[in-house]
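Inside the fold
One letter stands for each residue in the lines below.
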Amino acid sequence: MYKLAAALAVLALPVTALPGAAQARPAAAAPACSSSANPALAQKLAADIATALKGRQGTAAVSLRHPGAGLSCTLNAGRQFQSASVIKVTILAAVLRKAQDAGRGLTAQEKQWATAMITKSDNDSATALWDSVTAAGMKKFMTMAGMRGTTIDSSGWWGKTHITATDQMAMLTLLTTNNSVLTAASRAYVLDLMGKVVAGQRWGTPAGAPAGTTVRVKNGWVDRGDGVGWRINSLGVFSGKGKDYQIVVLTEGNSSEGYGHTTIEGVAKAIHKDLDS
């Protein structure tokens, strides 16, 4: 099994519950951040992320990984959220691994589905690729990738996959480091599509990214009418200016889609500002 070469950083913060929404499981009171290269930066990030989430409705989980600074923030690493469309990155990675095992590249149809799934968040394409791997194949891939806290919903629907910030960061780490699970070509293919997401879906973790930064993103959003409120999630991979880092923000209990965007973007802006200082 592939062992991640770099430490994963996970942060989950409880915030005020949305009236009428299901109560989230308790989380620790404050984040803990550390950096072997810059302890003062870690302390500032912990404070600024907490400030960004203070008073926000719902529940948020945040994972930040900056290997160049030896930086990590952790809190309540295993809390599960419904994935919505952020699971599409994992679906594509599993499709690529299946193709690798067969000693082939993606077919023209698979490429068409992959492009629509990532750049436009097309659900029919996601379903086609999920079905081509099968639930058993997805489980096999997630085990291989070290995503131990992720479980497929009993309904079998990909959008209800139960994910953690730890495992989503494991996925981003897999895409940004040399490993035995995905080839360099496979990793580059996923990141290239994440860099071509349509303008209307580039909200979330990219907010506040410094000028000159290469931004790759995949977001997810859904309101299932089950009393939990809007589930809004965002994955971001950032490089440039001598810095490479990844951000995961998962949320639920948002009163609207826009409210979730604002929560995620508040966290992202704080992180980008601190890392660019």
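This text follows the structure it describes.
Everything numeric here is computed off the predicted structure, so don't read it as measured data. For every chain, the first residue of the written sequence is number 1, and numbering continues from 1 along that sequence. Per-residue local features of the predicted model are confined to residues with pLDDT of at least 70, and side-chain atom pairs are confined, for both listing and counting, to 80 or more; whole-chain, interface and lining totals are unaffected and use all residues. In computing side-chain values, all of the structure's heavy atoms are included and hydrogens and water are not.

Details of the nonpolar core
By size, the foremost hydrophobic cluster in this structure holds 48 residues, and its most contacted members are Ile-91, Phe-141, Met-171, Leu-175, Leu-182 and Met-194. Only DSSP runs of H or I reaching four residues or more are called helices, and only runs of E reaching two or more are called strands; each is numbered from the N terminus. Among the secondary structure elements, those contributing two or more residues to this core are α2 (87–101), α3 (108–119), α4 (123–133), α5 (135–144), α6 (165–176), α7 (184–194), β8 (230–240) and β9 (243–254). A total of nine residues in this core trace back to one element, the largest contributor, which is α2. In this analysis, two residues are considered to be in contact whenever any of their non-hydrogen atoms come within 4.5 Å of each other. With near-sequence residues (within four places) excluded, Met-194 lies in contact with Val-89, Ile-118, Leu-172, Leu-175, Arg-202, Val-215, Arg-216, Val-217, Lys-218 and Val-237. Definition used in this section: a nonpolar core is a set of buried Ala, Val, Leu, Ile, Met, Phe, Trp, Tyr and Cys residues joined via side-chain atoms within 4.5 Å. To sort residues, take the accessible area from a 1.4 Å probe on protein chains only and compare it with the maximum for the residue type: under 20% means buried, over 50% means exposed, and anything in between is partly exposed.

Here we look at the environment of Ala-199
Considering the arrangement of structural elements, one finds Ala-199 in the loop between α7 and β7 (214–222). Spatially, the C-alpha atoms of Ala-199 and Lys-120 are 9.5 Å apart, while their sequence positions differ by 79 residues.

Some points on the packing of α2 against α7
In this analysis, axes come from line fits to C-alpha atoms, helices being fitted only over the stretch in contact, and the angle between any two N-to-C directions falls in the range 0 to 180 degrees. Where α2 meets α7, the closest approach of the two axes is 10 Å, and the angle between their N-to-C directions is 150°. The angle between α2 and α7 places the two elements in the roughly antiparallel class. You can see that α2 and α7 cross each other, and the crossing is right-handed. Contacts from Val-89, Leu-92, Leu-96 and Gln-100 of α2 reach α7 at Ser-186, Tyr-189, Val-190, Leu-193 and Met-194. Here the residues of the contact of α2 with α7 are counted per class, giving seven nonpolar, two polar and no charged. Angular relationships are summarised with four words: roughly parallel below 35 degrees, roughly antiparallel beyond 145, roughly perpendicular across 65 to 115, and oblique for the angles in between. Crossing chirality is assigned from the near helix's rotation relative to the far helix, an anticlockwise turn below a right angle marking it left-handed and a clockwise turn marking it right-handed. As a working rule, the residues Ala, Val, Leu, Ile, Met, Phe, Trp, Tyr, Cys and Pro are called nonpolar, Asp, Glu, Lys and Arg charged, and the rest polar, with Gly in that last group.

What to know about the packing of aromatic side chains
Note on ring pairs: Phe, Tyr and Trp rings are taken, using the six-membered ring of Trp, and paired if centres are within 6.5 Å. Classes follow the plane angle, with under 30 degrees stacked, over 60 edge-to-face and the rest tilted. One pass over the full model with this rule turns up three aromatic pairs. Both rings, one in Trp-203 and one in Trp-221, keep their centres 5.8 Å apart while their planes meet at 70°; by these two values the pair is edge-to-face. Taken together, the residues Trp-203 in the loop between α7 and β7 and Trp-221 in strand β7 connect sequence positions 18 residues apart. The rule is short: NZ of Lys or CZ of Arg within 6 Å of the ring centre and within 35 degrees of the ring normal puts a charge over the ring. Above the face of the Tyr-259 ring, Arg-56 is positioned so that its terminal group lies 3.8 Å from the ring centre. Between Arg-79 and the ring centre of Phe-81, over which it is positioned, the NZ or CZ distance is 4.7 Å.

Things to note about the side chain of Gln-168
On the secondary structure map, Gln-168 appears in helix α6. Here Gln-168 is in contact with Val-86, Thr-90, Met-147, Ile-163, Leu-235 and Val-248, once residues within four sequence places are set aside.

Brief notes about the pairing of strand β3 (residues 59–66)
Extensive coverage of β3 is indicated by the burial of eight of its eight residues. Residues Thr-59, Ala-61, Ser-63 and Arg-65 of β3 are buried on one face, and the alternating residues Ala-60, Val-62, Leu-64 and His-66, pointing to the opposite face, are buried as well. Bridging between β3 and β9 involves seven bridges; their strand directions are antiparallel. Looking at the pairing, Ala-61 lines up with Leu-250 of β9. At least two bridges found by DSSP between two strands are what make those strands a pair. When β3 meets strand β4 (residues 71–74), the two strands line up antiparallel, connected through two bridges. Bridge pairing in β4 links His-66 to Leu-71. Turn length for the β3-β4 hairpin, with the two strands adjacent in sequence and antiparallel, is four residues, and the turn residue Gly-70 shows positive phi of about 55°.

A closer look at the state of the cysteines
Pairs of cysteine sulfur atoms within 2.5 Å are what we label disulfides. A complete count under the given rule lists one disulfide for this structure. Two residues share a disulfide in this structure: Cys-33 and Cys-73, whose sulfurs sit 2.1 Å from each other. With the S-S dihedral at roughly 110°, the linkage between Cys-33 and Cys-73 falls on the right-handed side. Taken together, the positions of Cys-33 in strand β2 (residues 32–35) and Cys-73 in strand β4 put the pair 40 residues apart, joining distant regions of the chain. In this structure Cys-73 comes out as buried when scored by relative accessible area, which is 1%.

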